Amino acid sequence: MSDIVWLFIAFLAVWVGLGIYLFSLGTRQKRLERRLEDIEPRS
Amino acid sequence: MGGQLQRIFYFHVPAAWAAYLAFAIVFLGSIAYLRTGARRWDLLAHSAAEIGVVFTTLVLITGPIWARPVWGTWWQWDARLTSSLVMWLTYVGYLLLRGLSSDPNRTGRLAAVVGILGFINVPIVHFSVQWWRTLHPQGPTPASLDQGSGLGSPELLAFFVSLAAFTLLFAWLMATRISLGRLNDRVDQLEMAS
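Predicted model only: the values in this text are computed from it and were never measured.

1. Thoughts on the overall build of chain A
Item 1. If you tally the helices and strands in chain A, you get one helix and zero strands.
Item 2. Projected onto its principal axes, the C-alpha coordinates of chain A cover approximately 60 × 10 × 5 Å.
Item 3. Counting the 43 residues in chain A, one finds 26% classified as buried.
Item 4. Surface accessibility of chain A: about 3,100 Å² in total, with carbon and sulfur atoms responsible for 67%.
Item 5. Between the mean site of the 6 positive side-chain charges and the mean site of the 5 negative ones, chain A shows a separation of 7 Å.

This is how it looks when you write it as structure tokens:
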């Protein structure tokens, strides 16, 4: 494989890695907001 | 390092820098938590550990991608690579530890001890290329930059822009993760009260 392909793979890995982490943060936030909505009408 | 492939350096090294920064914050936050018992320090340390693991994972992925075409192998058990893997495992352990107990104070104290002891490895990772014979490139130091490290000014400029971008990304991720932790605390408190 040429150098540019290896560079592209590394570049992609960085974006995919950061993307997965951001997605996990977003998912956790949505889950917490749903729990908050469930609690707040009660309190 | 040569050709296009050396450009991996522009995100491999800044990701390592962001991980060092994160683990230094874990260390300081853990000390502050043990001294004061204030939840905000525990949340700071926990958030920094999580983001540090993300950046170390990126380092451990991009490094072998560079090594495969240059060294002809994905991995070598040399000092830098092995100590980096140990650093990653230490902080993954730190994160796993937090799920072990339902008592947040006990978990926080235990995690803080790991956060302090785990930081011992961070300078070992950094100086491993100077202390032991390794395959890993040394990277520019202030002295080598003075003598001409092989990096020309456009490369140096690109490197420092990348370093600044990763530092800003780290700061933004920290702010986001801390606000998520605060929301989590609020939901837990409301659930206990209701």
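Here the narrative resumes, following the displayed structure.
2. As for the side chain of S84 of chain B
Residue and element names in this part refer to chain B.
Item 1. Position of S84 relative to the elements: it lies in helix α3 (residues 79–97).
Item 2. On the accessibility criterion, S84 (8% relative accessible area) is buried.
Item 3. Dropping the residues within four chain positions of it, S84 is found in contact with T56, L60 and V125.

3. Thoughts on the packing of aromatic side chains
Centre distance and the angle of the planes are the two values used to describe a pair of aromatic rings.
Item 1. Applying the stated criterion across every chain, the model contains 15 aromatic pairs over all chains.
Item 2. Considering the side-chain rings of W6 of chain A and W74 of chain B, the 5.6 Å spacing of their centres and the 70° angle between planes classify their relative orientation as edge-to-face. One end of the pair, W6 of chain A, is in helix α1 (residues 3–39); the other, W74 of chain B, is in the loop between α2 (39–71) and α3, on a second chain.
Item 3. Three or more aromatic residues joined by ring pairs make a cluster, and in this case those are F9, Y10, F159 and F160 of chain B.

4. Quick word on the interface of chain B and chain A
Item 1. If you look at the interface, chain B gives 31 residues, while chain A gives 24 residues.
Item 2. Here chain B meets chain A over a buried area of about 2,500 Å², counting both sides, of which 80% is carbon and sulfur.
Item 3. The interface formed by chain B and chain A contains three salt bridges.
Item 4. Put simply, R35 of chain A and D188 of chain B hold a salt bridge, and the shortest N to O gap is 3.0 Å.
Item 5. The tally of links between chain B and chain A comes to four residue pairs in polar contact (both at pLDDT 80 or more).

5. Points about α3 of chain B
Residue and element names in this part refer to chain B.
Item 1. Helix length check: α3 (19 residues) gives 26 Å between terminal C-alpha atoms against 27 Å at 1.5 Å per residue, within 8%.
Item 2. Every buried residue of α3 is listed here: R80, L81, S83, S84, M87, Y91, Y94 and L97.
Item 3. Looking at the buried residues of α3, the elements they touch are α1 (9–36), α2, α4 (104–118) and α5 (121–131).

6. Observations regarding the confidence of the model for chain B
Item 1. On average, residues of chain B score 91 in pLDDT, and 92% of them reach the 70 mark or higher.
Item 2. Scoring of the predicted complex yields 0.91 for pTM and 0.91 for ipTM.

7. Remarks on the environment of G29 of chain B
Residues and elements named next belong to chain B.
Item 1. Topologically, G29 is positioned in helix α1.
Item 2. We classify G29 as buried; its relative accessible area is 1%.
Item 3. Each C-alpha atom, one on G29 and one on R40, is 8.7 Å from the other, the two residues being 11 residues apart in sequence.
Item 4. For G29, the contacting residues outside a window of four places in its chain are W41, L44 and A45.

8. Describing the nonpolar core
Item 1. Judged by nonpolar contacts, the single largest core of 51 residues is most densely connected at F23, V26, F55 and Y91 of chain B.
Item 2. Going through the elements one at a time, α1 of chain A together with α1, α2, α3, α5 and α7 (153–193) of chain B are the ones with two or more residues in this core.
Item 3. A total of 13 residues in this core trace back to one element, the largest contributor, which is α2 of chain B.
Item 4. Once residues lying within four places of it in the same chain are set aside, the contact partners of F23 of chain B are A49, G52, V53, T56, M87, Y91, F119 and V122 of chain B.

9. Structural notes on the pattern of salt bridges
Item 1. Using the criterion set out here, one finds seven salt bridges over all chains in the structure.
Item 2. For E191 of chain B, the salt bridge is made with R35 of chain A, and the minimal N-O distance between the two is 2.9 Å. Taken as a pair, E191 of chain B in helix α7 and R35 of chain A in helix α1 lie in two separate chains rather than in one.
Item 3. Salt bridges sharing partners connect three or more residues here, namely R39, D42, R98 and D185 of chain B.

What counts and what doesn't
Residues numbered from 1 in each chain as written. Chains lettered and ligands numbered in written order. Predicted model: local features only at pLDDT ≥ 70, side-chain atom pairs only at ≥ 80, totals over all residues. Heavy atoms only, no water. Helix = DSSP H or I, 4+ residues; strand = E, 2+ residues; numbered from the N terminus. Buried < 20%, exposed > 50% of the residue type's maximum accessible area, 1.4 Å probe, protein only. Areas by Shrake-Rupley, 256 points an atom, 1.4 Å probe, with all protein chains shown as cover. Lys, Arg positive; Asp, Glu negative; His and termini not counted. Charge placed at Lys NZ, Arg CZ, Asp CG, Glu CD. Contact = heavy atoms within 4.5 Å. Phe/Tyr/Trp six-rings, centres within 6.5 Å; stacked < 30°, edge-to-face > 60°. Buried area = accessible area lost by both parts, 1.4 Å probe. Salt bridge = Lys/Arg side-chain N within 4 Å of Asp/Glu carboxyl O. Polar contact = N/O pair within 3.5 Å; in protein donor to acceptor, adjacent residues only side chain to side chain. Expected span 1.5 Å × (residues − 1). pLDDT = per-residue confidence, 0-100. Core = buried A, V, L, I, M, F, W, Y, C linked by side-chain atoms within 4.5 Å.

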